[in-house]
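# Descriptive analysis of the structure
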Amino acid sequence: MQLSIIVPTYNEAPNVAELVRRVTDETEGIDAEIIFVDDSTDTTPDVIREVAASAGLPVRLIHRDHRRGGLGGAVLEGFAAAESDACLVMDGDLQHPPEEIRDIYARFARGDVDVVVASRYAGDGTSAGLADRTRVLVSKVSTALTRAMFPIRLKDVSDPMTGFFLIDRRAVDAATLRPRGFKILLEILARKNLRIAEVPFDFAGRHAGESKASMRQGVHFLTQLTALRFGKMSLFAVIGGLGAIANVAIVWGLTHVGVNYLVAAIIASEVTIVGNFLLQERFVFQDMKGEASGVWARFAKSFSFNNAELLIRIPIVAIMVSGGHISAVIATAITLIVAFIVRFVFHSLVVYAPRKPGVEVSRARHIVEELDAQAMAPGEL
Ligand SMILES: Nc1nc2c(ncn2[C@@H]2O[C@H](COP(=O)(O)OP(=O)(O)O)[C@@H](O)[C@H]2O)c(=O)[nH]1
Ligand SMILES: [Mg+2]
């Protein structure tokens with residue numbers, strides 16, 4: 001097998017037959033297979049089976065009952081199942097024209113690169129198929145932002161957000177990837193230095209059906225980008241910073257309407273501690289929640305830690321100022337930095353520590369876990 005074509009699909013029933021027909025035409029003379037990695041809730045799997053029965057090349061279906069890792073997770077499953085090391089990834093809606101496969105494969109077959117990126121923004125490539133002006137703008141801005149954040153790794157890539165590429169799967173270190181949402185190529189390119197070539201292409205309109213891109217995917221993308229660039233700690237810092245701003249704003253607001261400043265400070269601290277906990281659950285430690293203790297246990301640990309920190313830090317500042325002759329501002333800054341690092345370590349290693357296996361699950365624990373499952377069930381952002 002020379003080429004495995006991996007097509008992630010989510011409710012693409014009306015596009016399957018046309019896609020297979022055009023891919024078959026365009027891969028004549030190449031020993032190729034198509035693997036659909038499907039998370040559909042419609043009749044897509046039935047259509048794929050039907051088309052596979054009479055297709056001119058091997059067509060395989062991997063149907064998943066859980067959309068683990070979404071589109072990115074589907075692509076990784078495709079890599080694992082492929083017959084060939086040369087894996088071409090393309091969308092199932094014909095926005096990636098099969099007529100480009102030959103060019104992309106020819107470039108790859110020269111053998112001097114690990115990945116060939118089909119780009120909307122290189123040479124005479126176009127992005128005319130983007131649904132509307134907003135999508136064009138979002139695509140351009142996020143591409144510019146991404147390239148600015150990885151100026152070295154992405155210096156040869158005009159379109160790191162494309163879903164159309166051919167990669168030697170031996171160059172992909174699947175264990176280090178945390179596929180979230182739509183941008184698996186970005187994740188791959190950001191993690192490792194690869195030899196990259198680009199081939200321009202015209203991004204077409206959808207053949208049929210609807211786009212699954214959403215606001216939610218957009219938020220996913222931004223957290224993915226931050227986490228890729230700066231790691232978890234930076235997300236944690238960003239959330240802590242937002243909390244500090246909120247804290248000051250609440251104190252200001254409450255004292256403004258006549259609340260005693262101490263009472264205001266306590267309310268503001270507790271509100272931001274709870275707010276920070278919710279944000280870090282959602283954006284920083286989401287991948288560790290599954291194996292950690294229940295949400296109430298996590299909350300109890302996080303809440304106790306932050307309150308203890310608050311109680312301990314103030315006297316330490318006082319001692320530093322009176323005993324060490326350090327200015328109050330510098331003492332506060334030093335303790336804040338130390339507290340930040342300790343807080344991060346405590347949350348990573350204690351609050352979100354994996355649950356110990358084999359521990360008796362008490363009835364109370366069971367109820368708490370049930371609540372946890374409910375509270376953390378996926379919802380719209
Ligand atoms: N397997 C799988 N495929 C998905 C998922 N979400 C989107 N896709 C597929 O990924 C491709 C790109 O998605 P699309 O909705 O066209 O995004 P857009 O081109 O950015 O508007 C299509 O083939 C979708 O069917 C998912 O959760 N799982
Ligand atoms: Mg599409």
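Just so we're clear, the structure is a prediction, and the values are computed from it rather than from any experiment. (Residues numbered from 1 in each chain as written. Chains lettered and ligands numbered in written order. Predicted model: local features only at pLDDT ≥ 70, side-chain atom pairs only at ≥ 80, totals over all residues. Heavy atoms only, no water.)

Moving on, we get to the site of ligand 1. Neighbouring ligand 1 are 20 residues; Glu12, Asp39, Asp93, Ser211 and Lys212 lie closest to it. The contact in question runs from an oxygen atom of ligand 1 to an N or O atom on the backbone of Pro8, over 2.9 Å. A distance of 2.8 Å separates an oxygen atom of ligand 1 from a polar side-chain atom of Arg206. Contact with the protein chains hides 96% of the accessible area of ligand 1, taken as 570 Å² for the molecule alone. Residue assignment for the shell around ligand 1 shows that the elements contributing at least two residues are β1 (3–9) and α3 (70–81). A per-element tally of the shell around ligand 1 places α3 first, with 3 residues. Broken down by class, the residue content of the shell around ligand 1 amounts to 7 nonpolar, 5 polar and 8 charged. (Near = heavy atom within 4 Å. Polar contact = N/O pair within 3.5 Å; in protein donor to acceptor, adjacent residues only side chain to side chain. Areas by Shrake-Rupley, 256 points an atom, 1.4 Å probe, with all protein chains shown as cover. Helix = DSSP H or I, 4+ residues; strand = E, 2+ residues; numbered from the N terminus. Nonpolar A, V, L, I, M, F, W, Y, C, P; charged D, E, K, R; others polar.)

Our next topic: the domain arrangement of the chain. Here the domain parsing of the chain yields domain 1 (3–213) and domain 2 (230–376). On a C-alpha basis, the centres of domain 1 and domain 2 stand 41 Å from each other. (Domains from an automatic or database assignment.)

All right, on to helix α6 (residues 184–191) then. Given 3.6 residues per helical turn, the α-helix brings residues three or four places apart onto the same face. With 7 of 8 residues buried, α6 is to be regarded as a mostly interior element. Considered for burial, the residues of α6 that qualify are Ile184, Leu185, Leu186, Glu187, Ile188, Leu189 and Ala190. Residues of α6 that are buried sit in contact with α3, β5 (115–119), α5 (133–149), β6 (165–168), β7 (196–200) and α7 (215–256). (Buried < 20%, exposed > 50% of the residue type's maximum accessible area, 1.4 Å probe, protein only. Contact = heavy atoms within 4.5 Å.)

Right, let's get into the coordination of the magnesium ion (ligand 2). Only Asp93 (OD) and Gln95 (OE1) from the protein coordinate the magnesium ion (ligand 2), and they sit 1.9 to 2.0 Å from it. Each of the two residues, Asp93 as well as Gln95, counts as buried. (Donors = N, O, S within 2.8 Å, 3.2 Å for Na, K, Ca; no water.)

Here the focus is the sheet that holds β5. Ordered in space as β3-β2-β1-β4-β6-β5-β7, the 7 strands form an open sheet in which the pairing is mixed. A single partner strand is all that each edge strand has here, and the edge strands are β3 (59–63) and β7. Sheet twist, expressed as the mean angle between neighbouring strand axes with direction ignored, is 20°. Sheet topology places β5 next to β6; 3 bridges connect them, and they run antiparallel. Pairing of Val117 across the sheet is with Phe165, part of β6. The strands that helix α1 (residues 16–26) touches are β1, β2 (32–38) and β3; relative to β2, the one it contacts most, it runs at about 160°. Each of β1, β2, β3, β4 (86–89) and β6 touches α3; the most contacted strand, β1, lies at about 150° to it. (Pairing = 2+ DSSP bridges. Axes fitted to C-alpha atoms, helices over the stretch in contact; angles between N-to-C directions.)

Packing of α7 against helix α8 (residues 261–283) brings their axes to within 8 Å, and their N-to-C directions diverge by 165°. Looking at the two axes, α7 sits roughly antiparallel to α8. Once α7 is placed against α8, the crossing between them reads as right-handed. When its residues are assigned to classes, the contact of α7 with α8 shows 16 nonpolar, 9 polar and no charged. (Parallel < 35°, antiparallel > 145°, perpendicular 65-115°, else oblique. Left-handed = near helix turned anticlockwise from the far one by under 90°.)

What follows deals with helix α4 (residues 101–109). Here α4 has its buried residues at Ile101, Ile104, Tyr105, Arg107 and Phe108. For α4, the angular spread of buried residues about the axis comes to 160°, placing them on one side. Against β1, α1, β4, β5, β6 and β7 lie the buried residues of α4. (Arc of directions from axis to C-beta.)

What follows concerns the pairing of β2. Within a regular strand, side chains alternate between the sheet's two faces. With 7 of 7 residues buried, β2 lies mostly within the body of the structure. Burial of the side chains of β2 extends over both faces: Ala32, Ile34, Phe36 and Asp38 are buried on one face and Glu33, Ile35 and Val37 on the other. For β1 and β2, the ladder comprises 7 bridges, and the chain directions are parallel. Bridging across to β2, Thr9 finds its partner in Asp38. Crossover handedness for the path β1 to α1 to β2: right-handed. Where β2 and β3 come together, 5 bridges link them in parallel fashion. Bridge assignment links Asp38 to a residue of β3, and that residue is His63. The parallel pair β2 and β3 is bridged by helix α2 (residues 44–53), and the resulting crossover is right-handed. (Right-handed = clockwise from strand over helix to strand, strands pointing away.)

The tally for this structure, following the rule as stated, stands at 11 aromatic pairs. Arranged with centres 5.8 Å apart and planes meeting at 45°, the rings of Phe236 and Phe340 form a pair that is tilted. With a gap of 104 residues between them, Phe236 in helix α7 and Phe340 in helix α10 (residues 328–351) connect regions that are remote in the sequence. Assessed through its relative accessible area of 4%, Phe236 is described here as buried. (Phe/Tyr/Trp six-rings, centres within 6.5 Å; stacked < 30°, edge-to-face > 60°.)

Glancing now at the nonpolar core. One finds Leu3, Ile5, Ile34, Phe36, Leu88, Met90 and Leu166 to be the most contacted residues of the largest nonpolar core, which totals 33 residues. For this core, the secondary-structure elements that each account for two or more residues are β1, α1, β2, α2, β4, α4, β5 and β7. In this view, Leu166 contacts Leu3, Ala86, Cys87, Leu88, Ile104, Tyr105, Phe108, Asp114, Val115 and Val116; residues no more than four positions away in its chain are not counted. Ranked by size, the runner-up nonpolar core spans 32 residues in total, among them Ile6, Phe79, Ala82 and Phe221. (Core = buried A, V, L, I, M, F, W, Y, C linked by side-chain atoms within 4.5 Å.)

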